[in-house]
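What follows is the residue order along each chain.
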Amino acid sequence: MNRSKPISGELLKLKDEIEGYAIEFGLDFFPQIFEVCDYDTVNILAAQGGFPSRYPHWRFGMDYDQLSKGYTYGLQKIYEMVINTDPCYAYLLQANNWVDQKIVMAHVYGHNDFFKNNAWFSGTNRKMMDVMANHGTKIRRYMERYGQDAVEVFIDRVLSLENLLDINVLFETSQIRRNSSSSNTDVEEGEFQNDDRSQALKSFMRTKSRSEKPSDKVEKKKFEDSPEKPLTRPTRDVLGYLMEHAPVEEWQADIIACLRDEAYYFLPQRLTKIMNEGWASYWHSTIMTQRALDSSEIIEFADKHAGVMAMSRQNFNPYKVGIELMRDIEFRWNTGRFGKDYNECTNMKDKLAWDTKVMKGREKIFEVRKSHNDISFIDEFLTADFCNRQQLFTYKFNPRTGRMEIDTRDFEAIKQKLLMQLTNFGQPLIQVEDGNYKNRRELLLRHLHEGVDLDGTYAHETLKNLYGIWRRPVNLATKYEEKEVVFHFDGKDMKASH
Amino acid sequence: MDHPIKRDHSRFRKIIKGKIRDNLRKYVSQGQQIIPKGTDKFTVPMPSIDIPRFKFGDKSQGGTGQGQGQPGDPVQGQPDPNGEPGQGEAGEGEGNKELDVELSLDELARILGEELALPNIEPKGKKSLKSTKDKYTNIGTTGPDSLRHLRRTYKQALKRQIAMDSYNPENPTVVPIRRDFRYKSWQTKTENQNAAVVIYMMDVSGSMGDEQKEIVRTESFWINLWLKSQYKDIEIRYIIHDATAKEVDEQTFFRTRESGGTLISSAFSLCKEIIEADYPPTEWNIYPFHFSDGDNWSADDTKLCLDLLDNFILPASNQFCYGQVESRYGSGQFYKDLVARYGQDHENLVLSKIKNKEGILDSIKEFLGKGK
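**Q** Account for the overall build of chain A, naming residues and giving values.
**A** Scanning chain A for helices and strands turns up 22 helices and 11 strands. For chain A, buried positions account for 42% of its 498 residues. For chain A, contacts bridging at least 24 residues in sequence account for 72% of all contacts bridging at least 6.

**Q** A description of the confidence of the model for chain B should follow, citing residues and the corresponding values.
**A** Residue and element names in this part refer to chain B. With 88% of its residues at a pLDDT of 70 or more, chain B has an overall mean of 80. The lowest-confidence element of chain B is strand β1 (residues 35–37), averaging 75 in pLDDT; the highest-confidence one is helix α4 (residues 150–163), averaging 92. Confidence drops under a pLDDT of 50 for residues 78–96, and excluding neighbours within four residues, the segment shows 35 contacts in the predicted structure. Among the scores for the predicted complex, ipTM is 0.81 and pTM is 0.76.

**Q** Explain the sheet that holds strand β11 (residues 494–497) of chain A residue by residue, including any values.
**A** Strands pair in a sheet through their backbones, by hydrogen bonds, and they do so in one of two ways: parallel or antiparallel. Residue and element names in this part refer to chain A. Spatially, 5 strands are ordered β7-β8-β9-β10-β11 in an open sheet, and the strand pairing comes out mixed. With one partner strand each, in any of the chains shown, β7 (430–437) and β11 form the two edges of the open sheet. Across the sheet, the mean angle from the axis of one strand to that of its neighbour is 25°, orientation sign disregarded. Inspection of the sheet shows strand β10 (residues 483–489) paired to β11 by 4 bridges, in the antiparallel sense. Directly across from His488, in β11, lies its bridge partner Lys495.

**Q** Got a sec to walk through the interface of chain B and chain A? Specific residues and values, please.
**A** Contacts between the two partners involve 50 residues from chain B, matched on the other side by 69 residues from chain A. Within the residue set of the side of chain B that touches chain A, elements represented by two or more residues are α1 (5–22) and β3 (63–66) of chain B. Here the residues of the side of chain B that touches chain A are counted per class, giving 16 nonpolar, 23 polar and 11 charged. Across 4 bridges, the pairing between strand β5 (residues 392–398) of chain A and β3(B) is antiparallel.

**Q** So what's going on with the sheet that holds strand β4 (residues 99–104) of chain B? Residues and values would help.
**A** All names here are of chain B. What the 3 strands build is an open sheet, ordered β1-β2-β4; its pairing is antiparallel. Bordering the open sheet on either side are β1 and β4, each of which pairs with just one other strand. Each neighbouring strand pair of the sheet contributes to a mean axis angle of 35°, computed without reference to strand direction. Pairing geometry for β1 and strand β2 (residues 41–46), over 3 bridges, is antiparallel. Within β2, the residue paired with Ile35 across the bridge is Thr43. Helix α3 (residues 105–116) rests against β2 and β4 of the sheet, and its axis sits at about 90° to β4.

**Q** Give a detailed account of the domain arrangement of chain A, specifying residues and quantitative values.
**A** All names here are of chain A. Along its sequence, chain A is organised into domain 1 (4–118), domain 2 (128–271), domain 3 (315–424) and domain 4 (428–497). Contacts between the two partners involve 19 residues from domain 2, matched on the other side by 18 residues from domain 4. Of all elements in the fold, only α6 (148–159) and α11 (238–245) reach the threshold of two or more residues within the side of domain 2 that touches domain 4. When residues of the side of domain 2 that touches domain 4 are assigned to their parent elements, the largest contribution, 4 residues, is made by α11.

**Q** Tell me about helix α1 (residues 9–24) of chain A, and please be specific about residues and values.
**A** Counted at 1.5 Å a residue, the expected span for α1(A) with its 16 residues is 22 Å, and the 23 Å between its end C-alpha atoms agrees. Against β2 (32–37), α4 (98–117) and α13 (273–292) of chain A lie the buried residues of α1(A).

**Q** Could you give me a rundown of the nonpolar core, with the residues and numbers involved?
**A** Within the largest apolar cluster, 123 residues are counted, with the highest numbers of intra-cluster contacts made by Met81(A), Ala90(A), Ala106(A), Tyr109(A), Ile255(A) and Ile256(A). In terms of residues, this core owes the most to one element, helix α12 (residues 250–271) of chain A, which gives 11 residues. In contact with Ile256(A), other than residues within four places in its own chain, are Val158(A), Leu239(A), Leu242(A) and Met243(A). Core analysis: the next-biggest nonpolar cluster, separate from the first, contains 68 residues, Ile20(B), Trp226(B), Cys305(B) and Ile364(B) among them.

**Q** How would you sum up the domain arrangement of chain B? Please name residues and give values.
**A** Residues and elements named next belong to chain B. Per the domain assignment, the segments of chain B are domain 1 (1–51 + 97–117), domain 2 (130–190) and domain 3 (194–368). Taking only C-alpha atoms, the centre of domain 1 and the centre of domain 3 are 29 Å apart. Taken together, the contact pairs 12 residues of domain 1 with 13 residues of domain 3. Elements with a minimum of two residues in the side of domain 1 that touches domain 3: α2 (24–29) and α3. Of the residues assigned to the side of domain 1 that touches domain 3, the class counts are 7 nonpolar, 3 polar and 2 charged.

**Q** Break down the pairing of β7(A) for me, citing the residues and quoting the values.
**A** All names here are of chain A. Pairing analysis gives 5 bridges linking β7 to strand β8 (residues 442–447), with the strands arranged antiparallel. Note that in β8 the partner of Val432 across the bridge is Leu445. A loop of 4 residues connects β7 with β8, the two strands running antiparallel in sequence, and Lys438 in this loop sits at a positive phi of about 55°.

**Q** So what's going on with the pairing of strand β9 (residues 474–480) of chain A? Residues and values would help.
**A** All names here are of chain A. For β9, the buried fraction is high: 5 of the 7 residues fall into the buried class. Of the strand pairs in this sheet, β8 and β9 are connected by 4 bridges, and their pairing is parallel. Note on β9: the bridge partner recorded for Leu443 is Val474. In this fold, the crossover linking β8 to β9 by way of helix α22 (residues 456–470) has right-handed handedness. Between β9 and β10, which pair antiparallel and follow one another directly, the connecting turn spans 2 residues, one of which, Glu481, has a positive phi of 50°.

**Q** Could you give an account of the confidence of the model for chain A, with specific residues and numbers?
**A** Across chain A, the average pLDDT comes to 85, with 88% of residues at 70 or higher. Taken as a whole, residues 210–227 of chain A scores under 50 in pLDDT and shows 9 contacts with residues more than four places along the chain or in a different chain.

**Q** Can you tell me about helix α5 (residues 128–146) of chain A, naming the residues and giving the values?
**A** Under the 1.5 Å per step criterion, the end-to-end length of α5(A) is 26 Å for 19 residues, consistent within 8% with the ideal 27 Å. Gly147(A) sits one or two residues past α5(A) and shows a positive phi near 95°.

**Q** With reference to specific residues and values, describe the environment of Tyr342(A).
**A** All names here are of chain A. Position of Tyr342 relative to the elements: it lies in helix α16 (residues 339–344). In this structure the C-alpha to C-alpha distance between Tyr342 and Asp355, which are 13 residues apart in sequence, comes to 9.9 Å. Apart from residues no more than four positions distant in its own chain, Tyr342 is found in contact with Gly336, Arg337 and Trp354.

**Q** Provide a residue-level description of unusual backbone geometry, including the pertinent values.
**A** All names here are of chain A. Note the cis peptide between Asp86 and Pro87, where omega equals 0°. Note that Pro87 resides in the loop between β3 (80–82) and β4 (88–93). Notably, Asn424 is not glycine yet its phi reads approximately 50°, a positive angle. Among the structural elements, Asn424 can be located in the loop between α21 (411–422) and β7. Exposure remark for Asn424: the 20 C-beta atoms within 10 Å place this residue in the buried category. At Arg441, a position not held by glycine, the phi torsion is positive, near 55°.

**Q** An account of the environment of Tyr27(B) is requested, with residue identities and associated values reported.
**A** All names here are of chain B. Positionally, Tyr27 belongs in helix α2. Here Tyr27 falls in the buried class, since 21 other C-beta atoms lie within 10 Å of it. Distance in space between the C-alpha atoms of Tyr27 and Ser327 is 22 Å, their sequence separation being 300 residues.

Cut-off values and rules
Residues numbered from 1 in each chain as written. Chains lettered and ligands numbered in written order. Predicted model: local features only at pLDDT ≥ 70, side-chain atom pairs only at ≥ 80, totals over all residues. Helix = DSSP H or I, 4+ residues; strand = E, 2+ residues; numbered from the N terminus. Buried ≥ 20, exposed ≤ 12 C-beta atoms within 10 Å, placed from the backbone. Contact = placed C-beta atoms within 7 Å. pLDDT = per-residue confidence, 0-100. Pairing = 2+ DSSP bridges. Axes fitted to C-alpha atoms, helices over the stretch in contact; angles between N-to-C directions. Nonpolar A, V, L, I, M, F, W, Y, C, P; charged D, E, K, R; others polar. Domains from an automatic or database assignment. Expected span 1.5 Å × (residues − 1). Core = buried A, V, L, I, M, F, W, Y, C linked by C-beta atoms within 7 Å. Right-handed = clockwise from strand over helix to strand, strands pointing away.

Structure follows, in structure tokens:
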């Protein structure tokens with residue numbers, strides 16, 4: 001069913017125009033495909049993470065429900081969706097007016113360039129659309145065979161652990177990955193990386209290699225006889241660990257593999273939110289103001305742009321911080337405000353008027369977009385001066401007044417706070433430490449406590465889901481209200497031992 | 001065909017409804033959680049439908065913002081992790097979702113019906129009052145093109161071609177001709193008009209406290225919901241009484257508190273007047289409900305009440321319901337009197353004792369369980 005259709009006519013002409021500017025500015029992007037669709041379709045796509053075909057799950061239905069309501073009540077509107085694929089697909093809302101479409105197109109070229117060039121995306125499978133569709137087909141088939149409820153319950157459990165990823169896995173080449181899992185493949189490297197069949201094939205082979213193992217019974221017996229080899233070092237790739245070691249059926253292992261693949265596909269986007277949006281916004285702003293904008297459209301553009309950049313007192317807007325930092329970097333490198341001479345200059349007057357006219361700004365931001373992620377971006381380029389100009393502050397909960405209050409405007413504190421929130425893409429650091437804890441084949445996870453407690457209720461529920469996969473007692477070592485504690489769930493009761 | 005997400009969506013709705021059903025007792029006993037929205041929609045707050053994850057506790061975290069202000073100044077509102085203005089990339093937002101789920105009257109009533117295993121009501125409606133309704137459930141051989149039923153048309157064409165042996169499975173071309181065309185067509189259905197009236201009577205004398213009234217209010221909400229789902233037209237009337245009775249609107253009904261004594265017969269006779277004036281029992285399904293704490297002023301008055309019930313109210317109504325809300329001051333005598341007179345299993349008189357908020361659901365089942 002075709003809910004979106006390729007652009008034509010005026011829009012196609014506009015695309016060619018904007019693409020021309022993008023090339024002129026030196027953006028380097030995948031072939032770009034724009035399609036238009038109505039708001040319902042945009043909501044569907046957004047609910048499915050941008051992809052037209054996903055596995056069946058109520059969560060997508062829930063997101064769709066919320067998005068549709070938001071649109072109906074006029075609370076929110078999605079102008080555009082862009083997916084990190086090659087060719088790069090982007091969806092335009094049919095109801096956008098002309099200026100919107102211009103902004104969106106320019107914005108999309110920014111994203112496209114970022115997807116193609118940023119290092120964190122280098123290992124991404126660009127044929128993800130097919131992979132996702134394949135996952136959908138497979139999971140639907142499992143549902144037919146094992147029952148919708150059984151499969152859905154299992155998916156729920158796996159999704160519960162979806163955020164326990166190791167960002168380093170992104171840089172493992174498929175060679176290493178393959179060696180570490182199973183070794184009976186002799187497909188060529190290149191094919192594995194680039195061909196969409198390879199994903200399906202890989203997963204098929206994974207299934208096959210599992211099924212070639214001795215039958216379940218024997219395997220279990222073996223398990224009890226020889227306890228699992230201890231982990232040489234803890235792993236944060238919890239899903240990967242479960243896929244390899246949890247006593248699950250092969251279809252369940254395959255589902256873990258599918259969902260893990262998808263989670264790792266989305267990971268680079270979570271790692272580069274500020275940069276990605278900043279970069280795209282920088283380019284829509286640049287292309288619009290310097291090339292594409294008709295003088296009659298200025299007010300409208302300014303209005304829309306301001307809406308996107310709005311940053312309220314409670315919300316950190318990655319678009320705003322991203323674009324401002326990009327501009328700041330460009331300015332600093334244009335005027336030579338970097339390096340030893342500038343940093344060591346103590347004369348404030350000189351410093352304020354510093355301009356070596358090196359004009360390396362553009363070059364610098366292209367370099368930045370290639371090699372950084374949000375953490376290194378903030379760490380390296382956020383300056384006290386910038387925080388001051390942008391009036392940034394940190395806030396925290398005051399238990400006495402029961403409200404959020406401004407904490408400080410101190411640069412170091414702001415930077416620490418930001419870095420902390422970005423660490424491990426904002427998720428708690430949790431690793432598998434032992435698959436044979438207490439020599440009883442219990443699972444031990446450890447939360448590396450960085451100053452913020454876990455949400456207790458959620459942690460309990462998650463442990464229950466983990467138990468559903470591991471099928472032996474599971475443990476989580478963490479700190480709660482300043483005390484070391486191990487949560488233990490044995491299928492019936494939750495216990496906490498200090 | 002619809003997009004597959006509609007299936008995800010209906011799956012989601014099913015899960016929610018299941019959750020509401022599982023927690024119905026809680027929703028009912030905590031009262032006021034389900035908020036009517038317009039005439040036939042309800043909003044139900046749904047915590048924790050979200051997939052649990054290891055995540056940071058909210059409060060201790062804080063965040064970063066932009067704007068003016070001194071340290072110590074409040075940041076208005078709470079940070080909203082999903083609140084990204086303007087464009088946004090999906091698949092990344094993750095946060096607390098306190099869902100407000102919308103349900104239609106029918107859906108909510110069905111949940112109530114399923115949970116309590118309520119039988120559908122057999123209306124005693126007047127058969128002479130009929131209304132007709134056209135429904136497109138039929139297939140015809142003539143009709144306007146706009147109503148052409150493509151699938152049936154092609155099916156017909158396929159049948160014909162197979163019968164005529166002009167169908168080639170190698171080259172499965174199906175070409176409908178004029179007489180294969182099928183059209184959607186309507187059937188006229190006659191429905192018996194059935195109308196119902198619910199008459200709530202409540203004792204507002206001094207011994208009925210706020211908690212008792214809250215119970216009555218919650219109970220009447222669910223009873224109304226069920227009856228509304230069963231009848232096309234429904235009217236609701238309210239009577240309050242202490243020593244005298246008067247008809248009031250809904251607001252007043254739940255707010256009024258008098259201090260006088262209690263003469264239940266005053267309410268019953270007003271109820272009789274209302275029925276006589278507006279609702280001929282042959283055409284209306286009548287549901288009088290009476291709530292009190294069981295205190296009546298005198299045995300004489302109780303006798304008067306029983307007479308009214310026997311001679312008029314019981315014969316006129318589908319079912320008379322008496323709900324006795326336990327209160328510290330009430331003696332509960334009226335319940336005993338009614339039991340003494342009619343026993344526990346009367347044909348169209350239902351008695352129920354409501355101990356506290358937890359008892360509401362059971363009491364609703366007692367009232368509506370007979371399917372009358």
